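What the coordinates show
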Amino acid sequence: MNNQFSFLQLARPMRPYLLTALLFVPCYFLQAYLGWHSYSYFVFLPAVVLAEVLFGFGIGLFAILLTATVVTFLFIQPFYTLWLAPAQLPALALFALTAILIFGACEAVRLLIDYVADRRQNPPKPVAASPAVRPNQRAISVDMWRGFVLCTIFINHMPGNLFEVITSRNFGLSDSAEAFVFMSGVAMALAYGRKFNAGKEVDVSLALGKRALKLYGVHVLMTLAGIAIFAAGALHWRMPDLMAMHGRDLYIQDAGTFLLGTLSLGHQIGYFNILPLYIALIALVPALFYLARLHIGVMLAASALLYGLARHYGWNLPSWPIAGGWFFNPFTWQFMMAIGIAVGLLLQQGRLAISKPLFALGGLIVFAGAFVVTNGFGLSFGVREAVYGWLDLDKTNLGLGRLVHFLGMAAFIYGLGISPKLASLRVMQPLIMLGRHSLLVFFLLSLLAGAGQVVLMTGHDALWIQIALVCGGIAFLCAAAKFSEAEKAAGGPVMVRG
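Residues numbered from 1 in each chain as written. Predicted model: local features only at pLDDT ≥ 70, side-chain atom pairs only at ≥ 80, totals over all residues. Heavy atoms only, no water.

An unreviewed UniProt entry annotates the protein chain as OpgC domain-containing protein of Labrys neptuniae. Regarding the protein chain, the relevant UniProt record gives this comment under Subcellular location (unreviewed entry): "Membrane". (UniProt positions renumbered as here; feature names shortened; annotations may be inferred.)

Set out below in structure tokens:
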């Protein structure tokens, strides 16, 4: 009797694992019956989904490991061994990445369902707002513009869509990259400037280090997910060219080297390469804060000097294994971050004012940029080609033309004084939420934009598809930000918070 009882006690916790293993049996026979191409083992993905849905996180991970083992043993030559040739590694890695992404999506849905059920059973008690924790109007305005920039990035990261023609880069010499880094600098100053000046240098440096580490993890995950998205599109639509652009070809040529390059930040694929710049710039923020404490002018002068030296001597962080440098040169782009920090500190101190001559100059720069880019507003063809030849518009090194245009545009918008008024409008609340949770939103928009690129590049570019991709994507981002906002208000954990 005791032996039987012990056996039942042992068998009960093993039951989910045994049932998960049984899920693979019909998948195996289905694969053998259909006799698909060499990637037919993707038919095992439903078993991974069922294991996650039925039994939860741990069993879902077990299903992924079991799937990889079964596939290697039965479906990758030489059969009935666990040996892999280097050329076979990308296929299995792609399968594992796809399984992990599906598993993660299922887990996110599970958490959302649990959250909604819990909120219905235990509705949160209303908490009186405290003036001490209300965000100030400047922070709200910054979040609004960050949200606007994130939407612009999302649209521009799907080349060829209908909405791309109305984004700012089609009416000026700079684009969302300058705005992203500038607004990040402003947000850094508003979040950490006073703490640093109050003698909490160590606390601020540790907080920045933790944020850089989080960004590193997000970047690696985002890159691997991006590869899975484009590889899945290449396989499904039989378009290997999808994996031949923007550095993705290295994954096909040598998956191991690609992984090492990604982990070292030496290899960055196109459209997924701005977070490494942000990580490098965060490392410089404590030094910029220290110089700003001496005098904001000293900080800007030191940053401008580094910018000039980097432009003159060609300094840049090296890429690896492909020779060259980073697409966004940290030695030059740090100047934009420093300008953003200076603006944020001046806003915090209430000392930022735009004179009438500076406001007029900013308006003139905006007008001139629009005139050049649009060929004299469509009235004088050839202006753009004639002027672009001598303007310094190098994006990698933050060309002076781009820098001057963005600063002129920023001065003009600030001088108009419309930011607080816009931020107070109800229609702007989604943008404010997007900006408040910028890291989560940027992670999701990068993956959605990657999937959108695949759809458009494979010929599925009908007008309704373009509208669905852009409008549906932005709606999804707003829903994710709202969910994160609710979690934050309830005091619950938020996976990625901006």
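Moving on from the coordinates now.
With 20 residues, helix α12 (residues 330–349) extends 28 Å between its outermost C-alpha atoms, agreeing within 8% with the 28 Å of an ideal straight helix rising 1.5 Å per residue. In terms of burial, α12 is a largely internal element, 18 of the 20 residues being buried. Between a side-chain oxygen at the N-terminus of α12 and the backbone nitrogen of Phe331 the separation is 3.0 Å; the capping residue is Asn329. Gly350 lies just past α12 and shows a positive phi near 70°. (Helix = DSSP H or I, 4+ residues; strand = E, 2+ residues; numbered from the N terminus. Expected span 1.5 Å × (residues − 1). Buried < 20%, exposed > 50% of the residue type's maximum accessible area, 1.4 Å probe, protein only. Polar contact = N/O pair within 3.5 Å; in protein donor to acceptor, adjacent residues only side chain to side chain.)

Looking now at the environment of Cys27. You can see Cys27 is positioned in helix α1 (residues 2–34). Classification of Cys27 by relative accessible area gives buried; the value is 9%. Along the primary structure Cys27 and Pro46 are separated by 19 residues, whereas in three dimensions their C-alpha atoms are 8.1 Å apart.

The subject of this paragraph is the confidence of the model for the protein chain. Scored by pLDDT, the protein chain comes out at a mean of 84, with 82% of its residues at no less than 70. Below pLDDT 50 for its whole length, residues 126–135 participates in two contacts with residues either more than four positions away or in separate chains. This stretch, residues 493–498, has a pLDDT under 50; its non-local contacts, to residues over four places away or in other chains, come to 18 contacts. (pLDDT = per-residue confidence, 0-100. Contact = heavy atoms within 4.5 Å.)

The interhelical angle for the contact between helix α13 (residues 356–373) and helix α15 (residues 400–416), taken along N-to-C directions, is 125°, at an axis separation of 7 Å. It follows from the interaxial angle that α13 and α15 lie oblique. For the crossing formed where α13 meets α15, the hand is left-handed. Along the contact surface, α13 presents Phe359, Gly362, Gly363, Ile365, Val366 and Gly369, while α15 presents Val404, His405, Gly408, Met409, Ala411, Phe412, Gly415 and Leu416. For the contact of α13 with α15, a count of residues per class yields eight nonpolar, six polar and no charged. (Axes fitted to C-alpha atoms, helices over the stretch in contact; angles between N-to-C directions. Parallel < 35°, antiparallel > 145°, perpendicular 65-115°, else oblique. Left-handed = near helix turned anticlockwise from the far one by under 90°. Nonpolar A, V, L, I, M, F, W, Y, C, P; charged D, E, K, R; others polar.)

Right, let's get into the environment of Phe154. Position of Phe154 relative to the elements: it lies in helix α5 (residues 137–156). In the structure, Phe154 is positioned 320 residues away from Ile474 in sequence and 8.1 Å away in space, judged by C-alpha atoms.

Among the residues making up helix α2 (residues 45–55), those that are buried are Leu45, Ala47, Val48, Ala51 and Glu52. Projected onto a plane normal to the axis of α2, the buried residues spread over an arc of 160° and lie on a single side. The first or second residue beyond α2 is Gly56, which carries a positive phi of 100°. (Arc of directions from axis to C-beta.)

What follows covers unusual backbone geometry. Looking along the chain, the bond that leaves Trp320 and enters Pro321 is cis, with omega of 5°. Relative to the elements of secondary structure, Pro321 occurs in the loop between α11 (296–313) and α12. Of note, His246 is a non-glycine position whose phi angle comes to about 55°, a positive value. When you line up the elements, His246 lands in the loop between α7 (201–236) and α8 (249–253). Judged by relative accessible area, His246 falls into the partly exposed class, the value being 41%.

Moving on, we get to the nonpolar core. Formed by 96 residues in total, the largest nonpolar core has its most connected members in Phe180, Ile341 and Phe442. Excluding anything up to four places from it in sequence, Ile341 contacts Gly185, Val186, Ala189, Val285, Leu288, Phe289 and Met299. Residues Ala47, Val70, Val71 and Phe75 belong to the second largest nonpolar core, which totals seven residues. (Core = buried A, V, L, I, M, F, W, Y, C linked by side-chain atoms within 4.5 Å.)

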